[in-house]
Amino acid sequence: MSRIGRRPIEVPSGVTVEVSPGGNVKVSGPLGALEQQVPDRIAVEQEGGVLTVARPTDRLTRTLVANMVEGVTKGYEKHLEIQGVGYRAQLKGSDLELSVGYSHTVLVTPRPGISFDVPVPTQVIVKGIDKQAVGQTAAEIRKVRPPEPYKGKGIRYQGEHVRRKVGKRA
């Protein structure tokens, strides 16, 4: 079987990588630890400070391991903006409380390894070391009140462009 992909991943100092024979890769760093199960046909080899992922097909195992290394060193963030009169967010302990036009407030509990930051009441920052968990949590927060096309009110990603509709004319 020929290995078509061999792109090295630089492992920074302070990060330890453990590759078990069963295909389990553990990455530990200053921000935490992550673990990923790798299929048997994917070869993950560590030589010094370089991690090499060799694969028989073009799959995303290398990207998953690279995201784990970056996650435990730098971490990931998703920025959300809240637009609308009276729409705001605030922290209640580690939970996020959203007031976005409903008759009640919506409480979002973070999954393990995720934290919220609210620098101003109209901005929410989702932080964590797992890229997939950060993105999924941000998507769930956005789903509470997605931006609507007529007035643009709702929760959106920072820099997201919402196509506006003209609306009804008299």
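Analysis parameters
- Residues numbered from 1 in each chain as written.
- Predicted model: local features only at pLDDT ≥ 70, side-chain atom pairs only at ≥ 80, totals over all residues.
- Heavy atoms only, no water.
- Pairing = 2+ DSSP bridges.
- Helix = DSSP H or I, 4+ residues; strand = E, 2+ residues; numbered from the N terminus.
- Axes fitted to C-alpha atoms, helices over the stretch in contact; angles between N-to-C directions.
- Contact = heavy atoms within 4.5 Å.

Chemist: I tried to follow the sheet that holds strand 12 (residues 123–128) on my own but got confused; where do I start?
Modeler: Across a sheet, paired strands are connected by hydrogen bonds in the backbone, their directions being either parallel or antiparallel. Pairing within the open sheet is antiparallel, and its four strands lie in the order 11-12-7-13. Sheet topology places strand 11 (114–117) and strand 13 (154–157) at the edges, where each strand pairs with a single neighbour. Strand-to-strand, the axes of this sheet are offset by a mean angle of 25°, without reference to chain direction. Bridge count between strand 7 (residues 76–83) and strand 12: six bridges; the pairing is antiparallel. Its bridge partner being in strand 12, Glu81 is matched across the sheet by Gln123. Most of the contacts of helix 2 (residues 131–144) go to strand 7, to which it runs at about 10°, and overall it touches strand 7, strand 11, strand 12 and strand 13.

Chemist: What's the story with the sheet that holds strand 3 (residues 24–29) in this structure? I'm lost.
Modeler: Overall, antiparallel pairing links the three strands, which are arranged 2-3-4 in an open sheet. Edge positions in the sheet fall to strand 2 (16–19) and strand 4 (32–37), since each has one partner strand and no second. Mean inter-strand twist for the sheet, computed between neighbouring axes without regard to direction, equals 15°. The pairing of strand 2 with strand 3 spans four bridges and is antiparallel. Residue pairing for strand 3: Glu18 is matched across the bridge by Lys26. In this fold helix 1 (residues 61–73) packs onto strand 3 and strand 4, with an angle of close to 170° to the strand it touches most, strand 4.

Note that all results are geometric; they support no functional claim without further evidence.
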